[in-house]
Amino acid sequence: MTTITGIAAIGAGLAAVGAGIGIGLIGGNAMQAIARQPEVTGDIRTNMIIMAALVEGAAIIAMILSFLMN
Amino acid sequence: MVKKSRIFIFLISLLIPIVLIANPEATAAEGKIEKSDISKEIVEHIMNHVADANEYHILTLGEKHVTLPLPCILFNKSTHQFSFMLSSAFHHNEKIEGYKLNEETGRVVDAQTGNRDSFIDFSITKNVFHMILGFLILALVFISIKKRYTTHKNKAPKGLQGFIEPIIVFLTDEIFQPILGKNYEKFMPYLLSVFFFILINNLLGLIPFFPGGANASGNIAFTFVLAFCSFILININGTKTYWRHIFAMPGVPWPVLLMITPIEILGIFLKPIVLMLRLFGNITGGHIAVLSIVSLIFIMGENGIKLGGAIAGGAMALPLLLFVSAIELLVAFLQAFVFTLLSSIFISMALEEHHQEEHH
């Protein structure tokens, strides 16, 4: 039981690392794109949120699985 | 390439000590790290908060619990009978019609077995109460705004109207019009209702005391129903092109179709499922994070034994709590926005008409 809990905790942490890298890349590249073309800031922001939400989805699923294992 | 492999090695090296620490046999043998009672109690408390309850616990004064009694509507599966009672009738471990209230979790359970398998719970629970409250607030706000629009036509918005109108204009300009195209007005009632309903429930959930504090929008049933509504709306608006792309992608040879079609069919269901899980996970995660940080005070003070630890814990918890609460406020808006945004994107994908000769 505790072994499973421990592994689940590692899984949740790893998911957070993955999502962090993913969202960081999205955010960083969006900032770069906005700096290059400030006139399309609105479009870039909307797309950035969509992509961040999609990346986050994977992390959230991992988190929920780790809850279920708990 | 060198950079990437370095990051990989760094991540792996991070893993090694974690695996060692997480190995329970090793730590138990040394007897160094043992889960104390207080941290177990805290985990239980947090999990009870995140789950639903049949009574609304407001505060505890000494030994006395102040709760808001909520109506319980229970349907027994074996006798096929409904039982109606108030949750306050259960106090002092009383058993009514074979049910009792679990004092710790605040849930009605079978008096004999102690679990919830033998009946169906239709009660107005904490989350349902919370949801109805949110609904009433929304109704009040929007009816008063509507009145102002009819009595003060073509005047500058004022008060509450001045708060809501920019949000609706923003959503229309940023999401509905560019994504849904010319028929966007048809979907606005649903999408705006969903947006404001999620938003009000998220915000009410952030209030730490009585009229809020329930984890309504972080309940899987709540998000399931919203995602199910989106699922129906997406699929009843599906055009011929949409269905054709699912069952027989044009321009794809049939052996490949055998592989693609199951994935596409799975995709119909996967979209609302991810929609459901995203909202659930975000809000539940937020509630757990806030409560864990508050628990720092109790963990470091060892439940009131060490005053210095409690003060240190409080000093740590306060700025962290402020930070996490600010993030949660942002998340409350963002998740409502993301749910609406993704719903409208999925609807627009279903609406897509066949515009050119396909080249896939």
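Residues numbered from 1 in each chain as written. Chains lettered and ligands numbered in written order. Predicted model: local features only at pLDDT ≥ 70, side-chain atom pairs only at ≥ 80, totals over all residues.

Q: Hey, could you go over the overall build of chain A for me, with residue numbers and the actual values?
A: Helices and strands together make up the secondary structure of chain A, namely 2 helices and 0 strands. In terms of C-alpha radius of gyration, chain A reaches 16 Å, well past the compact-globule figure of 11 Å for 70 residues. In chain A, which comprises 70 residues, the proportion classed as buried is 13%. Of all intrachain contacts in chain A linking residues separated by at least 6 positions in sequence, the fraction that spans at least 24 positions is 80%. (Helix = DSSP H or I, 4+ residues; strand = E, 2+ residues; numbered from the N terminus. Rg over C-alpha atoms; globule rule 2.2 N^0.38 Å. Buried ≥ 20, exposed ≤ 12 C-beta atoms within 10 Å, placed from the backbone. Contact = placed C-beta atoms within 7 Å.)

Q: Which residues make up the overall build of chain B, and what values go with them?
A: Counting its secondary structure elements, chain B contains 10 helices and 7 strands. The burial tally for chain B puts 24% of its 360 residues in the buried class. Restricting to contacts in chain B with at least 6 residues of sequence separation, those with at least 24 account for 65%.

Q: Outline the pairing of strand β2 (residues 64-68) of chain B, supporting the account with residue identities and numerical values.
A: One ladder, built from 5 bridges, connects strand β1 (residues 56-61) of chain B with β2 of chain B; its direction is antiparallel. Looking at the pairing, Tyr56 of chain B lines up with Leu68 of chain B of β2 of chain B. (Pairing = 2+ DSSP bridges.)

Q: I'd love a proper account of the nonpolar core, names of residues and values included.
A: Residue and element names in this part refer to chain B. Phe195, Ile198, Leu199, Ala336, Phe339 and Leu342 are the most contacted members of the largest nonpolar core, which has 36 residues in total. Where this core is concerned, the elements lending two or more residues are α5 (160-180), α6 (188-206), α7 (220-236), α9 (254-300) and α10 (307-351). Sorting elements by how many residues they give to this core places α10 first, with 10 residues. Residues Cys72, Tyr99, Leu101 and Phe119 belong to the second largest nonpolar core, which totals 7 residues. (Core = buried A, V, L, I, M, F, W, Y, C linked by C-beta atoms within 7 Å.)

Q: Could you give an account of the interface of chain A and chain B, naming the residues involved and the relevant values?
A: Listed by partner, the interface residues are 17 residues for chain A and 13 residues for chain B. At the level of elements, α1 (2-36) and α2 (41-69) of chain A are the ones that each hand at least two residues to the side of chain A that touches chain B. In terms of residues, the side of chain A that touches chain B owes the most to one element, α2 of chain A, which gives 11 residues. For the side of chain A that touches chain B, the residue count by class is 10 nonpolar, 6 polar and 1 charged. (Nonpolar A, V, L, I, M, F, W, Y, C, P; charged D, E, K, R; others polar.)

Q: So what's going on with the confidence of the model for chain B? Residues and values would help.
A: Detailed reading of predicted coordinates is not advised where the pLDDT is low. Residues and elements named next belong to chain B. With 88% of its residues at a pLDDT of at least 70, chain B reaches an overall mean of 81. Contacts from residues 16-34, a stretch scored under 50 in pLDDT, to residues over four places away or in other chains number 11 contacts. Here the predicted complex carries an ipTM of 0.80, next to a pTM of 0.82. (pLDDT = per-residue confidence, 0-100.)

Q: I'd like to hear about the sheet that holds strand β3 (residues 71-76) of chain B, residue by residue, with values.
A: All names here are of chain B. Spatial ordering of the open sheet is given by β4-β3-β7, a layout of 3 strands whose pairing is antiparallel. Every other strand in the sheet has two partners, leaving β4 (82-86) and β7 (119-121) as the edge strands with one partner each. Strand after strand, the sheet turns through a mean of 25° between neighbouring axes, direction not considered. Where β3 meets β7, 3 bridges bridge the pair, whose relative direction is antiparallel. Bridge pairing in β7 links Phe75 to Ile120. (Axes fitted to C-alpha atoms, helices over the stretch in contact; angles between N-to-C directions.)

Q: Would you mind going over unusual backbone geometry in detail, with residue names and values included?
A: Residue and element names in this part refer to chain B. Positive phi is not limited to glycine here, since His80 has a value of about 55°. Mapped onto the secondary structure, His80 falls in the loop between β3 and β4. For Asn154, which is not glycine, the phi dihedral falls at a positive 55°. Tracing the chain through its elements places Asn154 in the loop between α4 (126-151) and α5.

Q: So what's going on with α6 of chain B? Residues and values would help.
A: All names here are of chain B. Across its 19 residues, α6 extends 27 Å between first and last C-alpha, which sits within 8% of the 27 Å expected from 1.5 Å per residue. Those residues of α6 not exposed but buried are Leu191, Val194, Phe195, Phe196, Ile198, Leu199, Ile200, Asn201, Asn202, Leu204 and Gly205. Where the residues of α6 are buried, they touch α4, α5, α7, α9 and α10. (Expected span 1.5 Å × (residues − 1).)

Q: Could you give an account of the pairing of β4 of chain B, naming the residues involved and the relevant values?
A: Residues and elements named next belong to chain B. The pairing of β3 with β4 spans 5 bridges and is classified as antiparallel. Of the residues in β4, the one forming a bridge with Cys72 is Met85. Counted between consecutive antiparallel strands, the loop separating β3 from β4 contains 5 residues, among which His80 sits at a positive phi close to 55°.

Q: Give me the packing of α2 of chain A against α9 of chain B: which residues, what numbers.
A: The interhelical angle for the contact between α2 of chain A and α9 of chain B, taken along N-to-C directions, is 70°, at an axis separation of 9 Å. Considering the angle they form, α2 of chain A stands roughly perpendicular to α9 of chain B. Every pair of crossing elements has a handedness; the one defined by α2 of chain A and α9 of chain B is left-handed. Between α2 of chain A and α9 of chain B, the residues in contact are Ala53, Glu56, Gly57, Ile60, Ile61, Met63 and Ile64 of chain A and Val274, Leu277, Arg278, Gly281, Asn282 and Gly285 of chain B, respectively. Of the residues that constitute the contact of α2 of chain A with α9 of chain B, the class distribution is 7 nonpolar, 4 polar and 2 charged. (Parallel < 35°, antiparallel > 145°, perpendicular 65-115°, else oblique. Left-handed = near helix turned anticlockwise from the far one by under 90°.)

Q: Which residues make up the packing of α4 of chain B against α6 of chain B, and what values go with them?
A: Residue and element names in this part refer to chain B. The interhelical angle for the contact between α4 and α6, taken along N-to-C directions, is 120°, at an axis separation of 9 Å. Classified by the angle between their axes, α4 and α6 sit oblique to one another. In the crossing of α4 with α6, the sense of the turn from one axis to the other is right-handed. Facing α4, whose interface residues are His130, Met131, Leu133, Gly134, Ile137 and Leu138, α6 presents Phe196, Phe197, Ile200, Asn201 and Leu204.

Q: Can you lay out α2 of chain A for me, pointing to particular residues and giving the numbers?
A: Between its terminal C-alpha atoms α2 of chain A stretches 42 Å, which fits the 42 Å expected from 29 residues at 1.5 Å a residue. Every buried residue of α2 of chain A is listed here: Ala53, Glu56, Gly57, Ala59, Ile60, Ala62, Met63 and Ser66 of chain A.

Q: Can you break down the environment of Ala35 of chain A residue by residue, with the values?
A: The residue Ala35 of chain A is located in helix α1 in this model. When the C-alpha atoms of Ala35 of chain A and Ile10 of chain A are compared, they prove to be 37 Å apart, with 25 residues separating the residues in sequence.

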